[in-house]
Every structure is written in structure tokens, then in C-alpha cells.
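Report on the structure
Each chain, letter by letter, is given below.
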Amino acid sequence: MPYTTRKLKAGDYSELDALVLLPATDGVHSWIPAAAVKDPKSSITRDENLTWEEFNKVALWMISSMKIHDWPEDRVDMHVQFWSALQTHCWCHALDQLKQ
């Protein structure tokens, strides 16, 4: 079992900005070190530079991964509430780019 998958399954913290989530041939997604799959011609968007649309997509993948790895329901719910609060915050929808 890959390192990050073990960390996620255990509910432990794992630095995710150096990892990418890739689908395997069996349809199961796995966290892979970005350096192992990085195309030298492409760039990886750091977490703080994600658009709201990208953030929303990643949040759904993360929640799905938590459920697949049997995280306690209260921890999953906590993340859902946190990400929902971010997504509905007034700055998320502000016309002023400096507030986003």
C-alpha cells in the first residue's frame, strides 16, 4: 500500500502539495509523488494558486478518498463542513479579485 494511502487510511496528516491523485487501470485512484509522474514540460499548480473551480473538484476527490479509506464519519463530516463554509463564503463570490 503506498505511503500516502496508508496515511489517509489511518487519518494521519500527509503533505499533499507534492502528490497527485491518479486513476489506476482498475478505476481506483492512488496518490503518487508528483516528481514520479511530472512531465518536465508541464507545471503543477500549488494549493494556494488553485482557482475556486479547481478547489471544488479537489475537495470532492479528497472526500471520496476519505470514504474509500474508511475515515471516521465525523472527520469526513468535519471536512465537508469546512469546505462548504469556504465555498459559500462571500469572498469566494466577490467581484473584487483582491478579496478572492
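The coordinates are above.
As a starting point, this report considers the structure included with it. (Residues numbered from 1 in each chain as written. Predicted model: local features only at pLDDT ≥ 70, side-chain atom pairs only at ≥ 80, totals over all residues. Heavy atoms only, no water.)

1. Let's talk about the layout of surface pockets
What the second largest pocket holds in volume is close to 160 Å³. Lining the second largest pocket, in full, are Thr5, Leu21, Gly27, Val28, His29, Ser30, Trp61, Ser64, Ser65, Ile68 and His69. Where the lining of the second largest pocket is concerned, the elements lending two or more residues are strand E2 (29-33) and helix H3 (52-68). In terms of residue count, H3 provides more of the lining of the second largest pocket than any other element does, four residues in total. Here the residues of the lining of the second largest pocket sort into four nonpolar, seven polar and no charged. (1 Å grid on protein atoms, 1.4 Å probe; cavity = no way out; pocket = protein on both sides within 12 Å on 5 of 7 lines; lining within 4 Å. Points joined across faces, edges and corners; volume = space filled by probe spheres on them. Helix = DSSP H or I, 4+ residues; strand = E, 2+ residues; numbered from the N terminus. Nonpolar A, V, L, I, M, F, W, Y, C, P; charged D, E, K, R; others polar.)

2. So, the nonpolar core
Residues Leu8, Leu21, Trp31, Phe55, Ala59, Met62, Ile63, Met66, Trp71, Val76 and Trp83 constitute the largest nonpolar core, which totals 11 residues. Listing elements by their share of this core, those giving two or more residues are H3 and helix H4 (73-88). Looking at this core, the element that brings in the most residues is H3, giving five residues. (Core = buried A, V, L, I, M, F, W, Y, C linked by side-chain atoms within 4.5 Å. Buried < 20%, exposed > 50% of the residue type's maximum accessible area, 1.4 Å probe, protein only.)

3. What to know about H4
For H4, built from 16 residues, the straight-helix expectation of 22 Å at 1.5 Å per residue is met to within 8% by its first-to-last C-alpha distance of 22 Å. Regarding H4, the residues found buried are Val76, His79 and Trp83. Buried residues of H4, viewed axially, fall in a sector of 65°; they line one side. Exposed and facing more than 90 degrees away from the buried side of H4 are Asp74, Gln81 and Thr88. (Expected span 1.5 Å × (residues − 1). Arc of directions from axis to C-beta.)

4. Structural notes on the environment of Asn56
Examined against the element boundaries, Asn56 turns out to sit in helix H3. For the pair Asn56 and Gln87, spaced 31 residues apart in sequence, the C-alpha separation works out to 7.7 Å.

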